[in-house]
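Observations on the model geometry
So you can see what is in the structure, the chains are spelled out below.
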Amino acid sequence: MKTAIITGVGGQDGAYLAQLLLEKGYRVYGTYRRTSSVNFWRIEELGIDKHPNLHLVEHDLTDMSSSIRLMQNVGVSEIYNLAAQSFVGVSFDQPITTAEITGVGPVNLLEAIRIVNPKIRYYQASTSEMFGLVQAVPQSESTPFYPRSPYGVAKLYAHWMTVNYRESYDIFASSGILFNHESPLRGREFVTRKITDSFAKIKLGLLDVLELGNLDAKRDWGFAKEYVEGMWRMLQVDEPDTYVLATNRTETVRDFVTLAAKAAGFEIEYKGKDENEVGIDPNTGKVLVRVNPKFYRPAEVDLLIGDPAKAKAKLGWEPKTSLEDLCAMMVQADLRRNEKGTSY
Ligand code: NDP
Ligand code: GDR
């Protein structure tokens, strides 16, 4: 039986990856950090929280001794490092915490692998945020990096350390540069889930208006469940490498708002510009969406669109779910949860 560690099993990707590895017959050690009220709603929604092969263990990415003990206690062949301070917006307010968790945290794991067992295969959750200010499109493995947030800078450090441990110590360390991927399990602070949850609430009379920041930002959004399959494939091939996972389609935040409104049964028309822009339901004249500059970031990543050709050629990985279907799936899940009064 293969054994894997997933750091950040309580997060969106951690939950889907745990489900995938359990289906493949793995024994999975999923790590979470101690907080005053630990919450496993995602693995509960997936129905895997009581799976006999899923073991939940406390571990903090910033504590290297905790990483060494984790690997000593568990005979493991693969580690998927998904834990991070992953919210770009917060990274501007907490740049040092973000550097410690998202930047240095992965090096704690890489060092622990070097010390405990250099044969362990390592996956690093890298990000399209490393591309930042547009240098070329579509972005691929060879596009130059220019991160635009403390989060992007921290991830870029971890990415290069992963490449360096691969080249310096012959460790099987792969880096997946994943573009935005969403799902009903996405955290509510991220824009897609904020939008789908808010339209569900507006529909049910639980919210008046949705306030957002920059509607012009363009993102390449895929379905998270398909992206974790790509992570797994990266550790099954003969050689460690770096791969982009993306859909090669980009849309604005405004486009996603329109799709979500439609999925919730609203029409929407936009009026005004920049911070005065509003989205109005033409049938009722009601303002459904309003721009609030408090959600703007000090620096923005304007355009992301990824080229997943290498992943397709070398891993046989391809995205399948359209943005329309993904958005509708998220709106339906949020309608169900809000009707039951159980929305996380
Ligand atoms: P989430 O924010 O949903 O999950 C991150 C997890 O990391 C949470 O369970 C969080 O726990 C945990 N965590 C945070 N800090 C620590 C710490 N110090 N020690 C241990 N665990 C910690 O992220 P996603 O699932 O969306 O993303 C997974 C990874 O992929 C992240 O590294 C993210 O940066 C990266 N990524 C994500 C993309 C996306 O579009 N989703 C795209 C590209 C990269 P807690 O709940 O306690 O905060
Ligand atoms: P991102 O995702 O920063 O791309 O990082 P997020 O959903 O937070 O923002 C996407 C875009 O939407 C704009 N935006 C808003 N964003 C939020 N969160 N809230 C708002 O109200 C709002 N209004 C407009 C943002 O300015 C941005 O342009 C995600 C995370 O999952 C990272 O961990 C991951 O690495 C990248 O995707 C790829």
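Residues numbered from 1 in each chain as written. Chains lettered and ligands numbered in written order. Predicted model: local features only at pLDDT ≥ 70, side-chain atom pairs only at ≥ 80, totals over all residues. Heavy atoms only, no water.

1. Here's the deal with the sheet that holds strand S6 (residues 173-178)
As summarised here, the arrangement of the seven strands in space is S3-S2-S1-S4-S5-S6-S11, forming an open sheet in which the pairing is parallel. Where the open sheet ends on each side, the last strands, each with one partner, are strand S3 (54-58) and strand S11 (242-245). Strand-to-strand, the axes of this sheet are offset by a mean angle of 20°, without reference to chain direction. As paired elements, S6 and S11 share four bridges and run parallel to each other. Paired with Ser175 across the two strands is Thr242, which belongs to S11. Helix-sheet contacts for helix H1 (residues 12-23) involve strand S1 (3-7), strand S2 (27-32), S3 and strand S4 (78-81), and the interaxial angle to S1 is about 170°. (Pairing = 2+ DSSP bridges. Helix = DSSP H or I, 4+ residues; strand = E, 2+ residues; numbered from the N terminus. Axes fitted to C-alpha atoms, helices over the stretch in contact; angles between N-to-C directions. Contact = heavy atoms within 4.5 Å.)

2. Observations regarding the site of ligand 1
Around ligand 1, 24 residues are found, and the nearest of them are Asp13, Arg33, Ser86, Tyr151 and Lys155. A distance of 2.8 Å separates an oxygen atom of ligand 1 from a polar backbone atom of Asp13. Between an oxygen atom of ligand 1 and a side-chain N or O atom of Ser86, the distance comes to 2.6 Å. In isolation ligand 1 offers 890 Å² of accessible surface; the protein chains occlude 85% of this area. (Near = heavy atom within 4 Å. Polar contact = N/O pair within 3.5 Å; in protein donor to acceptor, adjacent residues only side chain to side chain. Areas by Shrake-Rupley, 256 points an atom, 1.4 Å probe, with all protein chains shown as cover.)

3. A word on the site of ligand 2
Close to ligand 2 lie 22 residues; Ser86, Thr127, Tyr151, Arg297 and Glu300 are nearest. Arg186 places a polar side-chain atom, nitrogen or oxygen, 2.9 Å from an oxygen atom of ligand 2. A distance of 2.7 Å separates an oxygen atom of ligand 2 from a polar side-chain atom of Lys194. Expressed as a share of its isolated accessible area of 700 Å², the protein-covered part of ligand 2 is 95%. Counted by class, the shell around ligand 2 contains nine nonpolar, six polar and seven charged residues. (Nonpolar A, V, L, I, M, F, W, Y, C, P; charged D, E, K, R; others polar.)

4. Remarks on the UniProt feature "binding site: NADP(+)" (unreviewed entry) in the chain
UniProt annotation of "binding site: NADP(+)" (unreviewed entry) refers to Tyr122 when read in the numbering used here. Inspection of the secondary structure assignment puts Tyr122 in strand S5 (residues 121-127). Every residue in contact with Tyr122, bar those within four places of it in the chain, is listed here: Ile79, Asn81, Pro106, Leu109, Leu110, Ile113, Thr162, Phe172, Ala173, Ser174 and Leu235. A distance of 3.1 Å separates polar atoms of two side chains, one belonging to Tyr122 and the other to Asn81. (UniProt positions renumbered as here; feature names shortened; annotations may be inferred.)

5. Re the sheet that holds strand S14 (residues 278-280)
A sheet is described by the order of its strands in space; here four strands give the open sequence S8-S15-S14-S13, paired in mixed fashion. Edge positions in the open sheet fall to strand S8 (210-212) and strand S13 (269-271), since each of these has one partner strand only. For this sheet, the mean inter-axis angle between neighbouring strands, taken without regard to orientation, is 20°. Bridge analysis of S8 against strand S15 (residues 287-291) gives three bridges, and the strand direction is parallel. When the sheet's bridge partners are listed, Glu211 is paired in S15 with Arg290. Each of S8 and S15 is contacted by helix H7 (residues 191-203), which is oriented at about 160° to S8, the strand it contacts most.

6. Some words on the packing of H7 against helix H9 (residues 253-263)
Two elements in contact, H7 and H9, have axes separated by 10 Å at closest approach and are oriented at 30°. The angle between H7 and H9 falls in the class roughly parallel. Of the two possible hands of crossing, H7 and H9 adopt the one that is right-handed. Here Val191, Thr192, Ile195, Thr196 and Phe199 of H7 lie close against H9, whose contacting residues are Val253, Phe256, Val257, Ala260 and Ala261. Classifying every residue of the contact of H7 with H9 by side-chain character gives eight nonpolar, two polar and no charged. (Parallel < 35°, antiparallel > 145°, perpendicular 65-115°, else oblique. Left-handed = near helix turned anticlockwise from the far one by under 90°.)

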